[in-house]
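Here is how the chains run, residue by residue.
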Amino acid sequence: MKNLLLVLVMGAILAGPMACTKGLLPLAPSVANNAAPVTAPHFVAQWVSGANSINFSNPRGIAVDKDNHVYVVDADLSVVFKLDSTGAALSRWGQAGSGPVQFIQPFGVAVDANDNVYVADAGNQRVQETDMNGIFVNQVKATTPEGGVFSYPQGVAMASNGNLFVTDITDMVSQFNGVTPLGQFGKSGSTNNQFNYPVGLTVDGNSNVYVANYQGNNITKFNSVTGTVTVVGQAGSGAGQLSNPTDVKLDAKGNLYVVDSSNNRIEEFDGNGAYVQQWGQTGPSSQHLNSPVGIAIDAAGNIYVTDNGNARVVKYSL
């Protein structure tokens, strides 16, 4: 029943009209704690179906490797697209099914230091690992130390030490070394250390895990060593507020970028959780977003967003 609820909820959020857009406009004063004005990311390009041999239908997770190759998961097509930094198609792999390199409703994607690709294969209740060319390597579908198994894994993230973190609609985050389970944290609820449909996540170099708490309308920051929990954002549509966040990433300076899906925008917070700026809103031009889902940031600071309602990827630069 919970799986069905998530599919219905996410389907309602992610459905939307198709649109082609151009431009970018911040929606609110781009300052944090009365600091000096910051530079809003500007529109660079949009990668849409029919261009560069790609045909997005339901783009969700997105990741960038150390060579600035961009990986996009499409849930409807059950494929992973590998693109260069201009959006040109390099390869694609996957098809519907339950065998190796087959997917059912894939969602998140991450890349490790060796360019191995990890996909949250939600419908198959596993995470699949392939190499950079889509050749099957392994899968994570193991019982955790606490006795849990994946129900509908959503987000995947790699720590600098090579450990894999996975979110699941059982309202837990699990950590693995390879296929070996290392532990879990979180449980269902509405307090700071609880989740209500965790989706995308990211990990910093200080053992902090940042989780997009979809129906909790916040970003939960959990230190996997000390257990310290803090929260960024709260429910709403104002500056620094969130409505169904689906993904979160950190830039090289420790700033936090959140996909605020139901508010059709990206919000930026500084390393202390203070609101900095936002961009995007529903509409017909490229300054707009329509139910965005995933976000990735490359080494140069370029930002890539899967704009699900418009079936495209949008690239921004500072």
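Here's what I pulled together on the structure shown here. Everything quoted here is computed from the prediction, not taken from an experiment.

Counting its regular elements, the protein chain contains one helix and 28 strands. Relative to its full complement of 318 residues, the protein chain shows a buried share of 55%. Within the protein chain, residue pairs in contact and separated by at least 24 positions form 48% of the contacts whose partners lie at least 6 positions apart. For the protein chain, the exposed area adds up to about 12,200 Å²; of that, 51% sits on carbon and sulfur atoms.

Okay, unusual backbone geometry next. For Asn 244, which is not glycine, the phi dihedral falls at a positive 60°. Along the chain, the position of Asn 244 falls in the loop between strand S21 (241-242) and strand S22 (245-250). Non-glycine residue Ala 311 carries a positive phi angle of around 50°. Note that Ala 311 resides in the loop between strand S27 (303-307) and strand S28 (312-317).

Judged by nonpolar contacts, the single largest core of 13 residues is most densely connected at Trp 47, Phe 56, Val 70, Val 72 and Leu 83. Elements with a minimum of two residues in this core: strand S2 (59-64), strand S3 (70-74) and strand S4 (79-83). Ranked by the residues each element gives to this core, the list is headed by S4, at three residues. Filtering out sequence-adjacent residues up to four positions away, Leu 83 remains in contact with Trp 47, Ile 54, Phe 56, Asn 68, His 69, Val 70, Val 72, Ala 88, Ala 89 and Leu 90.

Before going further, it helps to spend a moment on the layout of surface pockets. Its volume calculated, the largest pocket comes out at about 1,200 Å³. Together, 47 residues line the largest pocket, and Thr 202, Leu 250, Asp 251, Ile 297 and Asp 298 are the ones closest to its centre. Of all the elements in the fold, those that place two or more residues in the lining of the largest pocket are S2, strand S8 (106-111), strand S12 (153-158), strand S16 (198-203), S22, strand S25 (275-279) and strand S26 (292-297). Its residues assigned to classes, the lining of the largest pocket comprises 27 nonpolar, nine polar and eleven charged. If you add up the space inside the second largest pocket, you get close to 160 Å³. Every residue lining the second largest pocket is counted, 14 residues in all, and those nearest its centre are Tyr 210, Lys 221, Gly 271, Asn 272 and Gly 273. Listing elements by their share of the lining of the second largest pocket, those giving two or more residues are strand S17 (208-213) and strand S19 (229-232). Among the elements that make up the lining of the second largest pocket, the one with the highest residue count is S19 (three residues).

Quick notes on the rules
- One numbering rule holds for all chains: residues counted from 1, following each sequence as written.
- In view of the model being predicted, local features appear only for residues whose pLDDT reaches at least 70, and side-chain atom pairs are presented and counted only at 80 or more, with totals across whole chains, interfaces and linings using the full set of residues.
- The side-chain numbers reported here are obtained from all heavy atoms of the structure, hydrogens and water having been left aside.
- Think of it this way: any DSSP run of H or I at least four residues long counts as a helix, any run of E at least two long counts as a strand, and we number them from the N terminus.
- Partly exposed residues are those whose accessible area sits between 20% and 50% of the maximum for their type, while under 20% is buried and over 50% is exposed, using a 1.4 Å probe and protein chains only.
- In this description, contact between two residues means that some pair of their heavy atoms is separated by no more than 4.5 Å.
- We get accessible surface area from the Shrake-Rupley algorithm with a probe of 1.4 Å; when it comes to residues, only the shown protein chains can shield them.
- By convention a nonpolar core is built from buried Ala, Val, Leu, Ile, Met, Phe, Trp, Tyr and Cys residues, the set being connected through side-chain atoms within 4.5 Å.
- Put simply, the grid is 1 Å and covers the protein atoms alone, a cavity is a trapped set of points that fit a 1.4 Å probe, a pocket is an open set with protein on both sides within 12 Å along at least five of seven lines, and lining residues have an atom within 4 Å of a point.
- Grid points are joined across faces, edges and corners, and a volume is the space filled by probe spheres set on the points.
- Classes in brief: Ala, Val, Leu, Ile, Met, Phe, Trp, Tyr, Cys and Pro nonpolar; Asp, Glu, Lys and Arg charged; the others, Gly included, polar.

Without other data, these values stay purely geometric and don't point to any function.
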